[in-house]
Structure formats: C-alpha cells, structure tokens
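For reference, the chains in residue letters:
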Amino acid sequence: MKRLIVALACLAMAACTTTNVKTSTQTLSVPKAGARVLLVQPDVQLSVLTIAGIPEPKADWTNAARDNLRSQIQSSLAAGNHPVSNVKPDEAMEGKVGQLLRLHEAVGLSVLMFNYSGFSLPTKPRTGPFDWTLGEGAQALGQTYNADYALFVYARGSYSSAGRKVAMVGAALLGVGIAPGSQQAFASLVDLKTGQIVWFNMATAGPEADMRSPEGSKALVAALLKGAPL
Amino acid sequence: MRLRNVLLAASAWAVAVTPVFAEPRPPHSRPVLSSDEGGIWDLLDRAELDTRNSAELDKDPVLNAYVQGVVCKVAGDYCADLRVYLLDRPYLNAITAPNGYVEVWSGLMLRAETESELAFVLGHEITHFTENHGIEQWRKARAQANVAMLASIVSGPLGLLAALGAAASLSAYSREDERQADREGLERAVAAGYDAGGGAAMWTWVIDEAKASDFKKVREGPARASIFNTHPIDQERIATLTALAKGRPAGAGADKAVYRAVIRPHLASWLRDDLRRRDYGQSLYLIQRLSQLGTDMGVLNYFKGEAYRLRRGAGDDALAQAAYEAAVTQIDVPPEAFRELGNLYVRAGDKARARTAFESYLSRAPEAQDRWLVETSLKTLEGT
C-alpha cells in the first residue's frame, strides 16, 4: 500500500510542469514599461529515445518546437508592452555578437549546473545571492539590435519511441522499470546594459506541455515565463 | 517463463543479425526531415556552423581552393555535396560527415608527400560518404543497443548469446566498411587520374611513424590514422592496396616536389604545431621523411633542432646544435635557428660564435618580439 502511494505521488509530480525561478538580487533592474526586448531564437534540440534509450536527434520535432516556442514567447511578450526584436544565432555567429550568444550558452548551462543540480561552486553558495553576468561586453548585443534586454530560451528533451513504450510495458511485466523521456527548458533574461542575468527560470515539462505542439508550447511557455518581469 | 525467455532471446537474435543497410546515396540528395538520418543531418549542420567560426579554421584561400579541387576531382558527381574545412590540428585525420561536411586536418596535409596520397585519403573518406557508412553504423549500433537491453531483461545464457552476437557483427561490419573505403577510395582516385600507388604508400608510413613514437603504447599498438579512428591500419590493408595498384599505368599527382610547393607556405607553422604533440620520436621520423626530397632544408633542419632541444634527452644538445648548424646554411632558414644556436653556444662557453649568432638573429628579425631579450644576452656576453 505504501509503495502504491509513493508511486501515485511520483506520477502526480510528473504529471504537471514544474518550474524553479531564480532572480538576481544584485541589480533589480527589471524592464520598465516600453523596454525593448531582444528575443534570441530558442535553442532547441529534441530527440527520440530508441528502445535501449539512446537519444536519436529528431529534426522535425526540433524545428516544430523551435517555431512553436518562438511564436508563443512572442505573443506572451506582446501582452507585456515590450517592443520585441528577433535574432537568429545561425545568422549572427560571427564577431562579438556571435561570441556573446555562445557566452550566454556557457553561462546559462553553468547556472543550470550550479543552481539547479546537486553541485555548487565555492564562490557561489546555493544559499547566496543569484549573481551571474555576461559582463558589460553584453552592451554590444544591445547596440547591434537596439534592445535593452535579451531573452534566451534553451530546451532539450527526449520522447520515447513506440518501440521503447512497448519495451516499457513488456519490461514492467517482467518486473523491470524503464525510464521514459523527459524535457527541460530554461529562460534567461539579461540586462544588456550590465550583462547581469536579472531573472532565470527552469521548467520540467509535464505531458500537457509537449512543445512539439502549439498548445503544448503555450503551456510550457506560460510555465517558463510565469512571474517573469516582462 | 522458460518459453518466454526463449522467445525473447530469439527475437533479440533476429534483430541482431538482420542486416541494417543504409543505401549508397545518390548525389544531391537530402534525407527526409523526420527520418533518423534527417535528425543526424540537422545536428551536423549545426556543428558545421560552429566550425565556420572556429579559431582552428585555416582560411588561406589558395590552400582551400586546392583541397576543394582535389575533393571535387575524386568525388565526381558528389562534388557539390561536399564542403571542405581545413583545420589546424596536428594529427593525421580527415572526416566526412553524412551531411557532406568534410574536415581535413593540417596533420594530414603535412604528412602526405604527394597529391595522389592526399587523393587516396580523400577518396577513402568520400567513399564513407557515398556509401552512407556513418548512418549505417548508427543504425547498427542502435540495433545492437536494443538487443543488449532486451538481453539484460531476459536473464540466462540465451540473452547473453544474443548480445555477444550483436557485438561481433557490429565490429566485423565496421572493419568491412574500412576495407570498402580503402578499395573504392583508391578506385575513385585512380578514376580521377591519380597514381594508384598513393594508398599503399600512405598507410605504410603511417605504420612506420607509429613505430617511431616516444610512447611504448603507440609503438606496440596497432597504427591508426588518427587518435579517434578505431579501425587499425594493418599489413593486410597495405597488401590489398598494393595488389590493387599493381600493373596499373602511372597516374598523375605522384610528384613530391609539386605537392611540396603547395604546402610550402604552411610547412613551418604545421611543423611547429606537430611538436606540440610532444611525441618527438614521431616528429623526427616525419621530418626525416620530409627531408628526403632535399628541399626546404632550412625549415626542416630548424624543426629537427627544435625537436631535440625540446626533448632534452642525453646528447640532444649536440644533435640540436648539428641540426641548427645545418639549417643556417640554407636560404630558407627561419631566423629563430640563429637565436637557438646562440643559446647553445652560450652554454658551451663559445662567446664569439654566440655573439655572431645573436647578431644574425637580430639582423634577420629586427621586429622580433624578444629582441630585448636577445639584446640583453648580447650585453651579458660583452660584459664578461
């Protein structure tokens, strides 16, 4: 009985999208009304889990999710009275701008590593202030795209293949558990005057937030940008 | 329960031994986006974008046009499908990814002695592309992993047997891919008019260079075309290529002097990179081999001296000095040879020759960043 309850509880937890927000306590320079936001094309990579659980890249899912997330974020931002411009990293990988986009990827993944996983840096205790920055060099991004803030979204995830779903059922019959796919995303809002990450959120998608569909993306973006100062 | 195990093992075995072929690709084809191949292409396209901004990318337009030209000759109808990126990496390697992304490393350009050798390696890589070996390997590995997982669920010897069968068929398969790439790569190069001897020559000195390594593991292990290549180069592959080349009329691209002229502008920087591998036995073997042509002796002797200077073994000072002394008599000597010679003379107490060497360095490299350092050495020499 106790086991069943635990199992049900786990199912209940997995069944909805969960998020975890971090906000800069250094410079609470949240966007004022009318602040211009640069939306960096979401960096998405989705894959299908083979029977054995090897992630195999799925370009159609990746492209669909990238487009869905971008349009959902765009409409979410439109409601907040912020002029939005777009940049595609594929077309801006050269020079200082390209370096800043890659720098943000490195910093964003470091935030995930040191604020959301079990690891922490001696210089950034988990209980301490949320203090991550791209440095003042980020101004180059603001000047090039005429923006005050930049919003980055990064999503990775996998979904079970039909074969794996069958294997999950079959293995369960033999008493063996096989993990299904999972999807995570983070959003990061950067002040382009200071380079500071002023707001950061990480979301684990539930089944209702399948970013491959417009409705699922809408749910994921709603969870991801919930409480964002935009 | 027993019956279920047998059935599961049997189905696992069936997956393991069913050949999972990827068809040879027609030119100018793109996979369907939703396919496994489409997903891999998409990932590789993004990796290619990163390479375009890589600091390792050699953008010399002359060299790029040259290598792209050789690729096109060997690739024939597939020319437009292949995009060549020259990378400054001192290991012998070239990679062709399933999406047509081609990496050619400077370590390969430096080691090839003729265009026909380069053409053979590129032909080998292009065959991996045209035969879609990368996708084939992925599908095979995927099937093997599936079987291994099913086998891990199904306990007992039958499950283990199925997993072993899958592992054996995968490695046999990739060895066959390498042989096919050797064979058809050579045929491609020959069809493009290149001399057939390039293949066997190339792999022969790859083995010899491995034997010359400072490291026991490299000397005694099987030779590999690169640190990442899991498929060893052995005598069997050389014998096959030699047999294939036998009796064919001499082809083009076998002139060492012509090829050397192409890579000459990069020779010094590639040798400098090669020394960073810190395998001086291999570097010295390579320099010795490149010296047989008799040209570029200033540069080659200078880097021979550098190899001895950096190795710092017993007697290496004398060997370095001899090499630098041979370098400074040549018209193409790098100015640094004089500086290093000066340092060695200082150590030997030969002040007069040290002074001459340092002065030669400064007169040949008046803008040298370390000019102040050498001037200080000269002052110290005067003061004593």
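All values reported here derive from a predicted model rather than from experimental measurement.

### Here we look at the overall build of chain A
Assigned secondary structure in chain A consists of 6 helices and 8 strands. Along chain A, helices (α) and strands (β) appear in the sequence α-β-β-β-β-α-β-α-α-β-α-β-β-α when read from the amino end. Over its C-alpha atoms chain A spans a radius of gyration of 19 Å, differing by no more than 12% from the 17 Å that the globule rule assigns to 230 residues. For the C-alpha atoms alone, the extent of chain A along its principal axes is close to 60 × 40 × 30 Å.

### Thoughts on the confidence of the model for chain A
Mean pLDDT over chain A: 85, with 91% of residues reaching 70 or higher. Overall, residues 1-13 of chain A carries pLDDT values under 50, and its contacts beyond four positions in sequence, including any with other chains, amount to 1 contact.

### Details of the interface of chain B and chain A
Contact with chain B, which involves 21 residues of that partner, is made by 26 residues of chain A. Between chain B and chain A lies a buried interface of about 2,000 Å² when both sides are counted; carbon and sulfur atoms form 64% of it. The three residues of chain B that bury the most area against chain A are B:Arg46, B:Asn53 and B:Ile153, which together make up 25% of that side's buried surface. Counting across the chain B and chain A interface gives 2 salt bridges. With a closest N to O distance of 2.5 Å, B:Arg142 and A:Glu56 form a salt bridge. Taken together, chain B and chain A are joined by 7 residue pairs in polar contact (both at pLDDT 80 or more).

### Some remarks on the state of the cysteines
Residue and element names in this part refer to chain B. What the rule picks out here adds up to 1 disulfide over all chains. In this model cysteine 72 forms its disulfide with cysteine 79; the gap between the sulfur atoms is 2.0 Å. Where cysteine 72 bonds to cysteine 79 through sulfur, the torsion about that S-S bond is close to 50°, and the disulfide is right-handed.

### Brief notes about the packing of helix H13 (residues 297-311) of chain B against helix H15 (residues 336-348) of chain B
The angle between the axes and the distance between the axes are what describe a pair of packed helices. All names here are of chain B. Following both chains from N to C, one finds H13 and H15 inclined at 40°, their axes separated by 10 Å at the closest point. Judged by the angle between their axes, H13 and H15 are oblique. For the element pair H13 and H15, the recorded crossing hand is left-handed. Between H13, through Tyr302, Glu306 and Arg309, and H15, the contact on the second element is made entirely by Glu336, Ala337, Arg339 and Glu340. Tallied by class, residues from the contact of H13 with H15 come to 2 nonpolar, no polar and 5 charged.

### Quick notes on the nonpolar core
With 77 residues, the main nonpolar core has B:Val104, B:Met109 and B:Leu118 as its most contacted residues. Summarising the domain contributions, this core has at least three residues from each of domain 1 (2-245) and domain 2 (266-383) of chain B. Apart from residues no more than four positions distant in its own chain, B:Val104 is found in contact with B:Val67, B:Val84, B:Tyr85, B:Leu86, B:Leu87, B:Asn93, B:Ala94, B:Met109 and B:Leu122. Membership of the second largest hydrophobic core comes to 30 residues, among which are A:Val37, A:Val48, A:Ala187 and A:Ala209.

### Observations concerning the domain arrangement of chain B
All names here are of chain B. Segmenting chain B into domains produces domain 1 (2-245) and domain 2 (266-383). Across the domain 1 to domain 2 interface the summed buried area is about 1,700 Å²; carbon plus sulfur atoms make up 57%. A per-residue breakdown of the area domain 1 buries against domain 2 is headed by Leu110, Glu209 and Asp214, which together make up 34% of the total. As a salt-bridge pair, arginine 277 and glutamate 209 come within 3.8 Å of each other at their nearest N and O atoms. Counting across the interface, domain 1 meets domain 2 through 9 residue pairs in polar contact (both at pLDDT 80 or more). The set of elements that each furnish at least two residues to the side of domain 1 that touches domain 2 consists of helix H4 (106-111) and helix H8 (198-211).

### A short note on the pairing of strand E3 (residues 43-49) of chain A
Residues and elements named next belong to chain A. In terms of residue burial, E3 counts as a mostly covered element, since 6 of its 7 residues are buried. Across 7 bridges, E3 lies against strand E6 (residues 149-160) in parallel orientation. The residue bridging aspartate 43 from the neighbouring strand is tyrosine 154, located in E6. Looking at chain direction, E3 and strand E4 (residues 55-57) are connected through 3 bridges and run antiparallel. When the sheet's bridge partners are listed, leucine 49 is paired in E4 with proline 55.

### Points about unusual backbone geometry
All names here are of chain A. Unlike most non-glycine residues, asparagine 146 shows phi in positive territory, near 55°. Along the polypeptide, asparagine 146 turns up in the loop between helix H4 (139-145) and E6. Overall, the relative accessible area of 51% leaves asparagine 146 in the exposed class.

### Points about the packing of helix H2 (residues 59-78) of chain A against helix H6 (residues 214-224) of chain A
Residue and element names in this part refer to chain A. Direction vectors running N to C along H2 and H6 enclose 55°, while the axes themselves pass 9 Å from each other. Judged by the angle between their axes, H2 and H6 are oblique. Two packed elements cross with a definite hand, and for H2 against H6 that hand is right-handed. The segment H2 lies against H6, with Ala65, Asn68, Leu69, Gln72, Ile73 and Ser76 engaging Pro214, Ser217, Lys218, Leu220 and Val221. Taken together, the residues of the contact of H2 with H6 sort by class into 6 nonpolar, 4 polar and 1 charged.

Rules behind the numbers
Each chain has its residues counted from 1, following the order in which its sequence is written. Lettering of chains starts at A and numbering of ligands starts at 1, both following the order in which they are written. Whole-chain, interface and lining totals are the exception, using all residues; otherwise, since this is a predicted model, local features are given only for residues with pLDDT of at least 70 and side-chain atom pairs are given and counted only at 80 or more. Derived side-chain values reflect all non-hydrogen atoms in the structure, with water molecules and hydrogen atoms excluded from consideration. To qualify as a helix, a DSSP run of H or I must reach at least 4 residues; to qualify as a strand, a run of E must reach at least 2; elements of each kind are numbered from the N terminus. It is over C-alpha atoms that the radius of gyration is taken, and the globule rule equals 2.2 Å times the number of residues to the power 0.38. As a per-residue measure, pLDDT tells how confident the predictor is, with possible values from 0 to 100. Only heavy atoms matter for contacts: two residues are in contact if any of them lie within 4.5 Å across the pair. Buried area is calculated as the accessible area (1.4 Å probe) missing from two parts once they are joined, with the contributions of both summed. Whenever Lys or Arg places a side-chain nitrogen within 4 Å of a carboxyl oxygen from Asp or Glu, that contact is recorded as a salt bridge. The term polar contact refers here to a pair of N or O atoms within 3.5 Å; inside protein, the definition further demands a hydrogen-donor-capable atom paired with an acceptor-capable atom, and it admits residues adjacent in sequence only when both atoms are side-chain atoms. Two cysteine sulfurs form a disulfide in these notes if their separation is within 2.5 Å. Inter-axis angles, ranging from 0 to 180 degrees, are taken between N-to-C directions of lines fitted to C-alpha atoms, where helices are fitted over the stretch in contact. Angle categories: roughly parallel below 35 degrees, roughly antiparallel above 145, roughly perpendicular from 65 to 115, and oblique for all the rest. We call a crossing left-handed when the near helix sits turned anticlockwise from the far one by less than a right angle, and right-handed when that turn is clockwise. Amino acids are sorted into nonpolar (Ala, Val, Leu, Ile, Met, Phe, Trp, Tyr, Cys and Pro), charged (Asp, Glu, Lys and Arg) and polar (every other residue, Gly among them). Put simply, a nonpolar core is a bunch of buried Ala, Val, Leu, Ile, Met, Phe, Trp, Tyr and Cys residues held in one set by side-chain atoms that sit within 4.5 Å of each other. For the exposure calls, accessible area comes from a 1.4 Å probe over protein chains only, and a residue counts as buried if that area is under 20% of its type's maximum, exposed if over 50%, partly exposed in between. The start and end points of each domain follow an automatic or database-based domain assignment. Only when DSSP finds a minimum of two bridges between them are two strands counted as paired.

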